[in-house]
Amino acid sequence: MQRGANAFRKPGSAMRSRGTTLNFLKNLTRQSRQFKMVFGFALISVIGILDFITGYELAFSLFYTLPISFLTWFISRRHGIIASIVSALVWLWADIASGQYYSHPLVPIWNTFIRLSFFILAMHLLSALKNSMEHEKKLARTDHLTGALNSRFFMDLAQIEIYRLQRYKHYFTLAYFDLDNFKEVNDQFGHTAGDQALRTIVSYAKRHLRKNDIVARLGGDEFGLLLPETNQESARVVLNNLQAG
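Participant: Mind showing me how you'd approach the nonpolar core here?
Facilitator: Within soluble globular proteins, side chains that are nonpolar tend to cluster in buried spots. In this structure, Leu-198, Leu-209, Val-215, Leu-225 and Leu-227 are the most contacted members of the largest nonpolar core, which totals 16 residues. Within the residue set of this core, elements represented by two or more residues are α8 (191-208), β4 (222-228) and α9 (232-244). When residues no more than four places from it in sequence are discounted, the contact partners of Leu-227 are Phe-172, Thr-173, Leu-209, Arg-210, Asp-213, Ala-235, Val-238 and Leu-239. Residues Ile-47, Phe-60, Val-90 and Trp-91 belong to the second largest nonpolar core, which totals 15 residues.

Participant: Can you walk me through the packing of aromatic side chains in this structure?
Facilitator: Where two aromatic rings form a pair, the distance of their centres and the angle of their planes describe that pair. Taken as a whole, this structure holds 10 aromatic pairs when the rule is applied. Plain terms: the ring middles of Phe-52 and Trp-93 are 5.5 Å apart, the flat faces sit at 35° to each other, and that makes the pair tilted. Separated by 41 residues along the polypeptide, Phe-52 in helix α2 (residues 33-54) and Trp-93 in helix α4 (residues 77-97) bring together distant segments of the chain. Note on Phe-70 and Phe-74: the rings are 5.1 Å apart at their centroids and 50° apart in plane angle, and the pair reads as tilted. In this pair, Phe-70 and Phe-74 both sit in helix α3 (residues 61-74), 4 residues apart, roughly one turn of the helix. Accessibility expressed as a relative area gives 10% for Phe-70, which makes it buried. Among the residues examined, Phe-74 registers a relative accessible area of 33% and is labelled partly exposed. Sitting above the plane of the Trp-91 ring, Arg-115 keeps its charged end 4.0 Å from the centroid.

Participant: I'm lost on the side chain of Ser-87 in this one. Help?
Facilitator: The residue Ser-87 is located in helix α4 in this model. Once residues within four sequence positions are removed from consideration, Ser-87 is found in contact with Ile-44, Tyr-64, Ile-68 and Phe-119.

Participant: Whenever I open this one, the sheet that holds β4 confuses me. Can you help?
Facilitator: Hydrogen bonding along the main chain pairs the strands of a sheet, whether they run parallel or antiparallel. The strand order across the open sheet built from 4 strands is β1-β3-β4-β2, with neighbouring strands paired in mixed fashion. Taken across any chain shown, the strands that pair with only one partner, and hence form the sheet edges, are β1 (149-150) and β2 (172-178). Where β2 lies against β4, 7 bridges are found, and the strand directions are antiparallel. Each residue of the ladder has a partner; that of Asp-178, found in β4, is Glu-222.

Participant: Would you explain the packing of α4 against helix α5 (residues 106-141) in this entry?
Facilitator: Geometry of a packed helix pair, given as the angle between the helix axes and the separation of the axes. Running from N to C, α4 and α5 point in directions that differ by 150°, and their axes come no closer than 9 Å. Taken together, the axes of α4 and α5 are roughly antiparallel relative to one another. Handedness of the crossing formed by α4 with α5: right-handed. Judged by residue contacts, Arg-77, Gly-80, Ile-81, Ser-84, Ile-85, Ser-87, Ala-88, Trp-91, Leu-92 and Asp-95 of α4 engage Pro-108, Thr-112, Arg-115, Leu-116, Phe-119, Ile-120, Met-123, His-124 and Ser-127 from α5.

Definitions and cut-offs
Residues numbered from 1 in each chain as written. Predicted model: local features only at pLDDT ≥ 70, side-chain atom pairs only at ≥ 80, totals over all residues. Heavy atoms only, no water. Core = buried A, V, L, I, M, F, W, Y, C linked by side-chain atoms within 4.5 Å. Buried < 20%, exposed > 50% of the residue type's maximum accessible area, 1.4 Å probe, protein only. Helix = DSSP H or I, 4+ residues; strand = E, 2+ residues; numbered from the N terminus. Contact = heavy atoms within 4.5 Å. Phe/Tyr/Trp six-rings, centres within 6.5 Å; stacked < 30°, edge-to-face > 60°. Lys NZ or Arg CZ within 6 Å of the ring centre and 35° of its normal. Pairing = 2+ DSSP bridges. Axes fitted to C-alpha atoms, helices over the stretch in contact; angles between N-to-C directions. Parallel < 35°, antiparallel > 145°, perpendicular 65-115°, else oblique. Left-handed = near helix turned anticlockwise from the far one by under 90°.

These values are about where atoms sit, not about what they do.
Here is the structure:
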């Protein structure tokens, strides 16, 4: 019975372990850019030391890709390239320091080049995946014609501001406007001119609004504005400036 009880507890222990790992990763991603950079390159150093201690017979190539991937994903492609170069050099140092014998002086140079190429390839694929995901995410949030946010994401942001208002009493302002006689523009000049008019309105609004203000196309010639941290008086000033141009 005791053995059965222990076996029954194992899934719970696995879930707790997984939860601890996820919390660690979540906390890590919330850290500053400088902290992530130090953590990534420190991890390369730790892996290099372990590579040296275990000797040249055990391959550590997979482990080097972890900090390279981390720095590429959470900082930038440039940091991923630097991490790839550093990892290849650290791997070379670990091989030489652990007593690896080479039949020709060019062998370690060749090996370092191959390892660096492998790291760069892995970094490039990860960077391409990240860019693709960010592009898809942007497309899901924006109106393809005007570049403004779409109505769905606008509603999500408005709901977040409602929660902030309820919890922290941070005021915000919602505004709505449409274009007068827009149908006549389409009928008289064509839909191409109408589309250009919509893009011009969004561009104009973005130039005259604050950086944290949000403009969204709700549909047709209807637009919404979300002004965070803005009470009635402040909103009147912002909207008057928008109207005055």
